[in-house]
Amino acid sequence: MARPYGKEAQRRRQERKAAVRRRQIAGALEEWHASAFAHALEQFDEAARRLRLTENQIAMTKLPRRITEVLLPVRMDDGTIRNFRAFRVQHNMVRGPAKGGIRFHQDVTVDEVKALAFWMTYKCAVVNIPMGGAKGGVVVDPRTLSPGERERLSRRYMAEMIDLFGPDSDVPGPDVNTGPQVMSWMLDTYVMHKRDFLPGVITGKPIELGGSAGRHSATSRGIVCCIHKAAERLNLDLRTATAAIQGFGNVGSNAAKFLTQSGVKIVAISDVDGAYRNMAGIDVDAAIAHVARRGSLTGFKGATLLRRRSQLLELPVDILVPAALENQITTQNARRVRARLIAEGANGPTTPDADEILEGQGTFVIPDILCNAGGVTVSYLEWVQNRMGYYWPEARVNDDLKRIMESAFDEVYALARRRRVSMRIAAFMLAIRRVTEASEMRGLYA
Ligand code: NAD
């Protein structure tokens, strides 16, 4: 056979290289997400051991109850049909309908969705809202879709999974790369199938379609509420405190804004493209306006670009808010974290081994399942308002959110002190106990 020469040979070599690279990345991601689920289970085991759960209790609470995987065929703008892998994991529904967002991302794996669904069960239980845990995901890079393709994909997801969803069974919401518009298409698809207008089937909707006032900034409000509580316990004066925020999306930027309003000086912020530092204090409004204009922090003039993005985690600040992704504080960098207080805005930003290091060095960590539960709390309030058909002003929503977050913080803190465990283990103990008690009261059907 004739050997290909010149450009053709080069093209084939490049294709082979790209294929190898794709396989390597896929393998690494599988491992990374498998580790997120493994970390979630380690957290469970530690709390279960301290609660002295029986094997039967563990059998009813630890693993996801239902994992659904489908292929979504979508007609692309050029007429071709592409299949997208999609998941819905329902982890536990013993305390109420399952609750959890739907993520559109090219790196979604079933293990990642299992970990996120697990955290949702225990997040709802920590703040004591009557819902269980679930999560959904579609393997797609949404930047490669036109608005029409994105709409057809969203509608097909709801249509394929429609038997799982309902205001009394499983209530999805937005997550990474899915917002109010995707929720509106999914709601419309549900309503057209069921012939009933049931806005409580999905949360994170636009206000015009039954969304709740205050939902957009609820996660960050909850985080800042926890920071206030922790600062009291640590005798940390927020008016002289400094903070670094990793991730400058919805959660990170709003947390920066609310912290500034509490007198905290934000000295570093970052996004996927880089980290920026200004020890005199960053003008948060200017940074938010820059991102609104440019789509990222790139080119932000109000601070100096750090050499490495991860340097932000190691700065000498009082408060660190990881608000980007999972597995950011690991054994590789935990010893270099100098913040006194870590408020986990992201889900799973700290690995269990890193947690031990932080505990050993006396860092106070407000764990994700408590710290970022403000988002699901206001989603629950949205669902309540949908079911009443009566809508509250934002001040009422914010008051309820504050009351729920403060009470959850106090309960977790008291348990941590009483049992001499970290805030994370205490949060899991409180949550697992609630799920276990509800499960035993219901008993085992059939
Ligand atoms: P988002 O997409 O609005 O923002 C994410 C931000 O993180 C972006 O600025 C992105 O550039 C940045 N980022 C990504 N990788 C990074 C990296 N390696 N280093 C630094 N920055 C990086 O998402 P969001 O809604 O703000 O969510 C952030 C985190 O909070 C996620 O883990 C999410 O699951 C969690 N969370 C969100 C909510 C919510 O209500 N939005 C609720 C609970 C938990």
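Each remark here, short or long, concerns the structure printed above.
Residues numbered from 1 in each chain as written. Predicted model: local features only at pLDDT ≥ 70, side-chain atom pairs only at ≥ 80, totals over all residues. Heavy atoms only, no water.

1. Notes on the site of the ligand
Piece 1. The immediate surroundings of the ligand are formed by 20 residues, with T219, N250, V251, V272 and N347 found nearest.
Piece 2. Between the ligand and G249, the relevant distance is 3.3 Å, taken from an oxygen atom to a main-chain nitrogen or oxygen of the residue.
Piece 3. Between the ligand and G345, the relevant distance is 3.4 Å, taken from an oxygen atom to a main-chain nitrogen or oxygen of the residue.
Piece 4. Computed on the free molecule, the ligand has an accessible area of 840 Å², of which 79% lies beneath the protein chains in the complex.
Piece 5. Those elements giving two or more residues to the shell around the ligand turn out to be α7 (250-261) and β7 (265-271).
Piece 6. Tallied by class, the residues present in the shell around the ligand amount to seven nonpolar, nine polar and four charged. (Near = heavy atom within 4 Å. Polar contact = N/O pair within 3.5 Å; in protein donor to acceptor, adjacent residues only side chain to side chain. Areas by Shrake-Rupley, 256 points an atom, 1.4 Å probe, with all protein chains shown as cover. Helix = DSSP H or I, 4+ residues; strand = E, 2+ residues; numbered from the N terminus. Nonpolar A, V, L, I, M, F, W, Y, C, P; charged D, E, K, R; others polar.)

2. Regarding the nonpolar core
Piece 1. In this structure, I227, I269, I319 and I366 are the most contacted members of the largest nonpolar core, which totals 90 residues.
Piece 2. Counting residues per element, this core draws most heavily on helix α13 (residues 423-442), at eleven residues.
Piece 3. If near-sequence neighbours (up to four positions away) are discounted, I269 is found in contact with I245, F248, G274, A275, Y276, I282, A287, L297, F300 and L312.
Piece 4. Of all hydrophobic cores here, the second largest spans 27 residues; its members include F104, V140, V201 and I202. (Core = buried A, V, L, I, M, F, W, Y, C linked by side-chain atoms within 4.5 Å. Buried < 20%, exposed > 50% of the residue type's maximum accessible area, 1.4 Å probe, protein only. Contact = heavy atoms within 4.5 Å.)

3. What about unusual backbone geometry?
Piece 1. Even without glycine at this site, R195 takes up a positive phi of about 60°.
Piece 2. With respect to the helices and strands, the residue R195 is situated in the loop between α5 (180-194) and α6 (218-234).
Piece 3. When its relative accessible area of 64% is taken as the criterion, R195 is described as exposed.
Piece 4. For N235, which is not a glycine, the phi torsion comes out positive at approximately 55°.
Piece 5. Looking at the element boundaries, N235 is found in the loop between α6 and β6 (242-246).

4. Description of empty space enclosed by the protein
Piece 1. For the structure on display, the rule yields one cavity of 30 Å³ or more.
Piece 2. Put simply, the largest cavity is a space of about 40 Å³.
Piece 3. Along the walls of the largest cavity sit A36, H39, Q43, W119, N327, G348 and T350, which together make up its complete lining.
Piece 4. Class assignment for the residues of the lining of the largest cavity results in two nonpolar, five polar and no charged. (1 Å grid on protein atoms, 1.4 Å probe; cavity = no way out; pocket = protein on both sides within 12 Å on 5 of 7 lines; lining within 4 Å. Points joined across faces, edges and corners; volume = space filled by probe spheres on them.)

5. Re the packing of α6 against α7
Piece 1. Packing of α6 against α7 leaves a shortest axis separation of 8 Å and a crossing angle of 50°. Here α6 is positioned oblique relative to α7, judged by the angle of their axes. By crossing handedness, the relation of α6 to α7 is classed as right-handed. Here T219, S220, R221, I223, V224 and I227 of α6 come into contact with α7, specifically with N250, V251, N254, A255, F258 and L259. (Axes fitted to C-alpha atoms, helices over the stretch in contact; angles between N-to-C directions. Parallel < 35°, antiparallel > 145°, perpendicular 65-115°, else oblique. Left-handed = near helix turned anticlockwise from the far one by under 90°.)

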